[in-house]
Amino acid sequence: MLAALVSAVGSAVAFSGDLAGDTRALDEFHALSKKFDEAIDRRTRLRLRLFTEDGVFMTPTGVLFGRRAIEESCARDLKLRPVSSHIHQADQLCSVGKEAWSLGQWWGTVPGERGPAFLQGCWSALFAREGETWKFRMLTFNETSVLQSPGGN
């Protein structure tokens, strides 16, 4: 489930809405993205409290509700099928008051039966402020294609 996940906010993105021109907010979205990337890359639990308490994580295999369920599921998935590499692209980031949304595309590599499997898909995210910090309220991703490496054992 998590094998193909990438973070939700890239560095080159069209930013519009109430926070347009707010470089501090853009830096905060980038920092949230970086923390998520680091957790995936290190195959560690998402104990950084990147999701709101009532956060939702929608994946190709199901929906997780609540920060604790998300953290536990991600930790389990990263052990079963670790992500070798991933990149993402944010196409849009828009805000309204204390909430924002973003969407884009991702590409990743995971171990496959005959060598690396190359995955790609789309993602979307809703963000909300908890105190002074932006967090994921909902993060979704899909897999639009899987290409298996022709080589390998």
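This text follows the structure it describes.
Rules used in this analysis
Residues numbered from 1 in each chain as written. Predicted model: local features only at pLDDT ≥ 70, side-chain atom pairs only at ≥ 80, totals over all residues. Heavy atoms only, no water. Helix = DSSP H or I, 4+ residues; strand = E, 2+ residues; numbered from the N terminus. Buried < 20%, exposed > 50% of the residue type's maximum accessible area, 1.4 Å probe, protein only. Contact = heavy atoms within 4.5 Å. Areas by Shrake-Rupley, 256 points an atom, 1.4 Å probe, with all protein chains shown as cover. Polar contact = N/O pair within 3.5 Å; in protein donor to acceptor, adjacent residues only side chain to side chain.

J.: Outline the overall build of the protein chain, supporting the account with residue identities and numerical values.
T.: Helix and strand counts for the protein chain stand at two helices and eight strands. Mapped from its N terminus to its C terminus, the protein chain presents α and β elements in the order β-α-β-β-α-β-β-β-β-β. Across the 153 residues in the protein chain, those meeting the buried criterion constitute 44%. Once local pairs closer than 6 in sequence are excluded, the contacts in the protein chain between residues at least 24 apart make up 62%. Accessible surface, the protein chain: about 8,000 Å² in total, of which carbon and sulfur atoms supply 53%.

J.: Talk me through the side chain of T52; I want residue IDs and the actual numbers.
T.: Note on placement: T52 falls in strand β2 (residues 51-59). Overall, the relative accessible area of 1% leaves T52 in the buried class. Reaching out from T52, the side chain makes a polar contact with the side chain of D54 at a distance of 2.8 Å.

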